[in-house]
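Take a look at the letters that make up each chain.
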Amino acid sequence: CYQVGLDEERYRAIGGFSTGMQQRVKLAVALVHDPRLLLLDEPTDGMDPQGREDMLDLIDRVRGELEIDVLVSTHLLGDVERVCDRVVMVHAGHVLTQGSIAEVAGTTERGFGIQLGDNGPEVRDALAAAGLQVRPAGDELLVQGASDLVRDVAAERGWALRRLVPQAPSLEETFLRLQAAQGAPPSPAEAAAATSPKTAAWGAPR
């Protein structure tokens, strides 16, 4: 109970637990045998946002502190990016791709979406001169490198830094791209379920 944060609830009837608490009980049952590998099917299913975050934190602790390998089967790709190192994407019974999160998402380096000044050629040149990799991405510039360098350039040139947001690799976008590459564009129902590919992902102890 202590490992999953239910030590103060251990005398209560499980039937009165919330969905998130019941999921924690299931996790505790899986951990009690001190496994080397933990298999979790939809571990955050039915949880509210806070319960989901708490469960993901627990999974992260299982990997980091208890040094247990974890395999997660889920359609929530944000969960995969949050706690896993590697992923296998499955759609319609076929493996679309597999590998590390960075490899599958098509990038090995996280970056920042920025709006600096007018995002024009002079801005791009100044960022490049500071040692940053820069490319246009819609209304933003996608920058790879230290965010401090972006702030330094803004301060030195007196440009307004209107936006600086971390851009993590997106498994969701990757799934849609791979799905489209296999044939016809997804139907509206498939597009609505784009966040719901059946995905197996795993993380080794850190």
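Above this note sits the structure.
Here the structure is a predicted model, which is why all the values come from computation and not from measurement. (Residues numbered from 1 in each chain as written. Predicted model: local features only at pLDDT ≥ 70, side-chain atom pairs only at ≥ 80, totals over all residues. Heavy atoms only, no water.)

Thoughts on the overall build of the protein
- Each helix and strand counted, the protein has eight helices and nine strands in total.
- Buried residues in the protein amount to 37% of all 206 residues.
- In the protein, the share of contacts with a sequence separation of at least 24, taken over all contacts with a separation of at least 6, comes to 63%.
- Just so you have it, the protein exposes about 11,700 Å², and 50% of that area is on carbon and sulfur atoms. (Helix = DSSP H or I, 4+ residues; strand = E, 2+ residues; numbered from the N terminus. Buried < 20%, exposed > 50% of the residue type's maximum accessible area, 1.4 Å probe, protein only. Contact = heavy atoms within 4.5 Å. Areas by Shrake-Rupley, 256 points an atom, 1.4 Å probe, with all protein chains shown as cover.)

Considerations on the pattern of salt bridges
- All chains considered together, the criterion is met by eight salt bridges.
- Of the charged contacts, one joins Arg163 and Glu140 as a salt bridge, the two residues approaching to 2.2 Å between their closest N and O atoms. Pair noted here: Arg163 is in strand S8 (residues 161-167) and Glu140 is in strand S7 (residues 140-144), with a separation of 23 residues, a long-range link.
- Through salt bridges that share partners, Glu53, Asp57 and Arg82 make up one connected network. (Salt bridge = Lys/Arg side-chain N within 4 Å of Asp/Glu carboxyl O.)

A look at the packing of helix H5 (residues 121-129) against helix H6 (residues 147-157)
- For the pair H5 and H6, interaxial distance at closest approach is 10 Å and the crossing angle is 125°. If you check the angle between H5 and H6, you find them oblique. Crossing handedness for the pair H5 and H6: right-handed. From H5, Glu122, Ala126 and Leu127 reach across to H6, where they touch Val150, Val153 and Arg157.
- Here the contact of H5 with H6 is composed, by residue class, of four nonpolar, no polar and two charged. (Axes fitted to C-alpha atoms, helices over the stretch in contact; angles between N-to-C directions. Parallel < 35°, antiparallel > 145°, perpendicular 65-115°, else oblique. Left-handed = near helix turned anticlockwise from the far one by under 90°. Nonpolar A, V, L, I, M, F, W, Y, C, P; charged D, E, K, R; others polar.)

Points about the pairing of strand S2 (residues 69-74)
- In the sheet, strand S1 (residues 37-41) pairs with S2 via five bridges, with the strands oriented parallel. Looking at the pairing, Leu40 lines up with Val72 of S2.
- With helix H2 (residues 49-64) bridging S1 and its parallel neighbour S2, the resulting β-α-β unit is right-handed. (Pairing = 2+ DSSP bridges. Right-handed = clockwise from strand over helix to strand, strands pointing away.)

Considerations on H5
- Regarding H5, the residues found buried are Val123, Ala126 and Leu127. The buried residues of H5 all sit within an arc of 100° when viewed along its axis, so they share a single face. Projecting away from the buried face of H5 at angles above 90 degrees are the exposed residues Pro121, Glu122, Asp125 and Ala129.
- In this structure, the buried residues of H5 make contact with strand S5 (111-116), strand S6 (133-137), S7 and H6.
- Phi turns positive, to about 95°, at Gly131, one or two residues after H5. (Arc of directions from axis to C-beta.)

Concerning helix H7 (residues 171-181)
- Among the residues of H7, Leu171, Thr174, Phe175, Leu178 and Gln179 are the ones counted as buried. Buried residues of H7, viewed axially, fall in a sector of 130°; they line one side. Facing away from the buried side of H7, by more than 90 degrees, are the exposed residues Glu173 and Ala181.

Describing the sheet that holds S8
- Spatial strand order, S6-S7-S5-S8: four strands in an open sheet with antiparallel pairing. The sheet is open, and its two borders are formed by S6 and S8, each paired with just one other strand. Sheet twist, expressed as the average angle between the axes of neighbouring strands with direction ignored, equals 25°.
- Sheet analysis places S6 next to S7, joined by five bridges and oriented antiparallel. Residue pairing in the sheet places Gln133 in a bridge with Gln144 of S7.
- Seen against the sheet, H6 touches S5, S7 and S8 and runs at an angle of roughly 170° to S8.

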